[in-house]
Amino acid sequence: MGSTNRYLLEEARSGSDEGLVAVADVQSAGRGRLSRTWESPPGTSLLMSVLLRPGLPPGRLHLAMAAMALAGAQACLDVAGVSPGIKWPNDLVLGPGEGKLAGVLAEVDGSAVVVGLGLNVDWPITSLPPGAACLGPVDREALLEAVLAHLALLHGDWSLVVAEYRRRCVTVGQVVRVELATETFTGMASAVSDDGHLLVARHDRPDRVQAVAVADVVHLRPDLPN
Ligand code: BT5
């Protein structure tokens, strides 16, 4: 398969119902955010997407992504006994300075939202992408079932998603470097707003809290100059 997200977007366009799931062992065109590539050699990862029609207004669509990230994190706990945090916006990490275990990509077409999860399971350590981490040898089928079960519980219970996201988000309270398309700055991540933006107190403008909608964020150790 090219991309489980792309496949379900095409299904959504031809009118498929909510709840359709696509799973691949390998993708020839795995997608990340901002037109980036998601890498996964055969057999190493859980690569899955779900077609949702969540009925959320445009400003709340981030909740569908958050639900997928939370379902992925709960599945890691159920199946592998590890409890990842969420690095804003939707990466699963084992700790604030640790590697990326999983990423979530949401793509919208009309009323449909396709949420995809790429979770690194059992990779040869030497071939992991820079900054990545993996779970180790656990049953991908069991992970898939656990993700779907948790997603079904969270979907529609958006106040629970908001609360759980805030509980799991390890970015809040961190000194971060924010990389926008137009500029890069550092600051203290103080909260996630109701519309899913990361609020950052900029170091270079002490009286200014900036709401960040789309960016890459790096967790910095406060004792390191940057
Ligand atoms: C994401 O993008 O983290 C979203 C990834 C979503 C992938 C799933 S797989 C199933 C479904 N079908 C798809 O086609 N996609 C979804 P982003 O935050 O943009 O991160 C992408 C960046 O992470 C890349 O530019 C690399 O630097 C890095 N990367 C690539 N592959 C990785 C991996 N396996 N593990 C960790 N980092 C990776």
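Further up the page is the structure itself.
The rules behind each value
Residues numbered from 1 in each chain as written. Predicted model: local features only at pLDDT ≥ 70, side-chain atom pairs only at ≥ 80, totals over all residues. Heavy atoms only, no water. Helix = DSSP H or I, 4+ residues; strand = E, 2+ residues; numbered from the N terminus. Buried < 20%, exposed > 50% of the residue type's maximum accessible area, 1.4 Å probe, protein only. Contact = heavy atoms within 4.5 Å. Areas by Shrake-Rupley, 256 points an atom, 1.4 Å probe, with all protein chains shown as cover. Lys, Arg positive; Asp, Glu negative; His and termini not counted. Charge placed at Lys NZ, Arg CZ, Asp CG, Glu CD. Salt bridge = Lys/Arg side-chain N within 4 Å of Asp/Glu carboxyl O. Phe/Tyr/Trp six-rings, centres within 6.5 Å; stacked < 30°, edge-to-face > 60°. Lys NZ or Arg CZ within 6 Å of the ring centre and 35° of its normal. Core = buried A, V, L, I, M, F, W, Y, C linked by side-chain atoms within 4.5 Å. Near = heavy atom within 4 Å. Polar contact = N/O pair within 3.5 Å; in protein donor to acceptor, adjacent residues only side chain to side chain. 1 Å grid on protein atoms, 1.4 Å probe; cavity = no way out; pocket = protein on both sides within 12 Å on 5 of 7 lines; lining within 4 Å. Sits in = over half its atoms within 2 Å of the grid points. Points joined across faces, edges and corners; volume = space filled by probe spheres on them. Nonpolar A, V, L, I, M, F, W, Y, C, P; charged D, E, K, R; others polar. Expected span 1.5 Å × (residues − 1). Axes fitted to C-alpha atoms, helices over the stretch in contact; angles between N-to-C directions. Parallel < 35°, antiparallel > 145°, perpendicular 65-115°, else oblique. Left-handed = near helix turned anticlockwise from the far one by under 90°.

Here we come to the overall build of the chain. Of the regular secondary structure elements, the chain holds four helices and 11 strands. Its C-alpha atoms give the chain principal-axis dimensions of about 50 × 40 × 30 Å. Residue burial in the chain is summarised as follows: out of 226 residues, 48% are buried. Pairs at least 24 apart in sequence give 61% of the contacts found in the chain among residues at least 6 apart. Accessible area of the chain: about 10,400 Å², with a carbon and sulfur share of 54%. For the chain, the separation between the mean place of its 18 positive charges and that of its 25 negative charges on side chains is 7 Å.

What follows is about the pattern of salt bridges. Enumeration over the complete set of coordinates arrives at 13 salt bridges. Notably, a salt bridge pairs E10 with R6, separated by 3.3 Å at the nearest N-O pair. Residue E10 and its partner R6 are located together in helix α1 (residues 4–13), separated by four residues, close to a single helical turn. Take E10: its relative accessible area is 41%, and that puts it in the partly exposed class.

With that settled, the discussion passes to the packing of aromatic side chains. Taken as a whole and assessed by the stated rule, the structure comprises zero aromatic pairs. The aromatic ring of F185 is capped on one face by R202, whose charged end is 4.0 Å from the ring centroid.

Within the largest apolar cluster, 50 residues are counted, with the highest numbers of intra-cluster contacts made by L46, M68, W88, L117 and L119. If we skip the residues at most four places from it in the chain, L117 touches L46, L47, M48, M68, G72, A102, G103, V104 and V147. Listed in part, the seven residues of the second largest apolar core include L8, L9, L51 and V114.

On to the site of the ligand, then. Around the ligand, a shell composed of 27 residues is seen, among which S3, R31, R36, E39 and K100 lie nearest. A distance of 3.4 Å is found between a nitrogen atom of the ligand and a backbone nitrogen or oxygen belonging to N5. With the chains in place, 90% of the 790 Å² that the ligand exposes on its own is no longer accessible. Judged by the fraction of its atoms near the pocket grid, the ligand is located in the largest pocket.

Let's shift gears to the layout of surface pockets. Considering only enclosed or pocket space, the largest pocket measures out at about 830 Å³ in volume. Lining the largest pocket are 43 residues, with T37, W38, D91, K100 and G103 positioned closest to its centre. At the level of secondary structure, the elements contributing two or more residues to the lining of the largest pocket comprise α1, β2 (45–52), β4 (91–93), β5 (100–109), β6 (112–120) and β11 (216–220). Volume-wise, the second largest pocket comes out at about 490 Å³. Lining the second largest pocket are 24 residues; nearest its centre among them are H62, M65, P89, N90 and A213. Put simply, the parts of the chain that give the lining of the second largest pocket at least two residues each are α2 (62–80), β5 and α4 (158–168). Its residues placed into classes, the lining of the second largest pocket shows 15 nonpolar, five polar and four charged.

For α2, which comprises 19 residues, the first-to-last C-alpha distance of 26 Å matches the rise-based estimate of 27 Å (1.5 Å per residue) to within 8%. Of all the 19 residues making up α2, 14 are buried; the element is thus mostly covered by neighbouring parts of the structure. Of the residues flanking the end of α2, it is G81, one or two places downstream, whose phi is positive at about 70 degrees.

The contact between α2 and α4 brings their axes to 9 Å, and the two run at 60 degrees. It follows that α2 is oblique to α4 by the angle criterion. Between α2 and α4 the crossing geometry is left-handed. On α4, the residues touching L63, A64, A66, A67, L70, A73 and Q74 of α2 are W158, V161, V162, E164, Y165, R167 and R168.

Distances and angles like these do not, on their own, reveal function.
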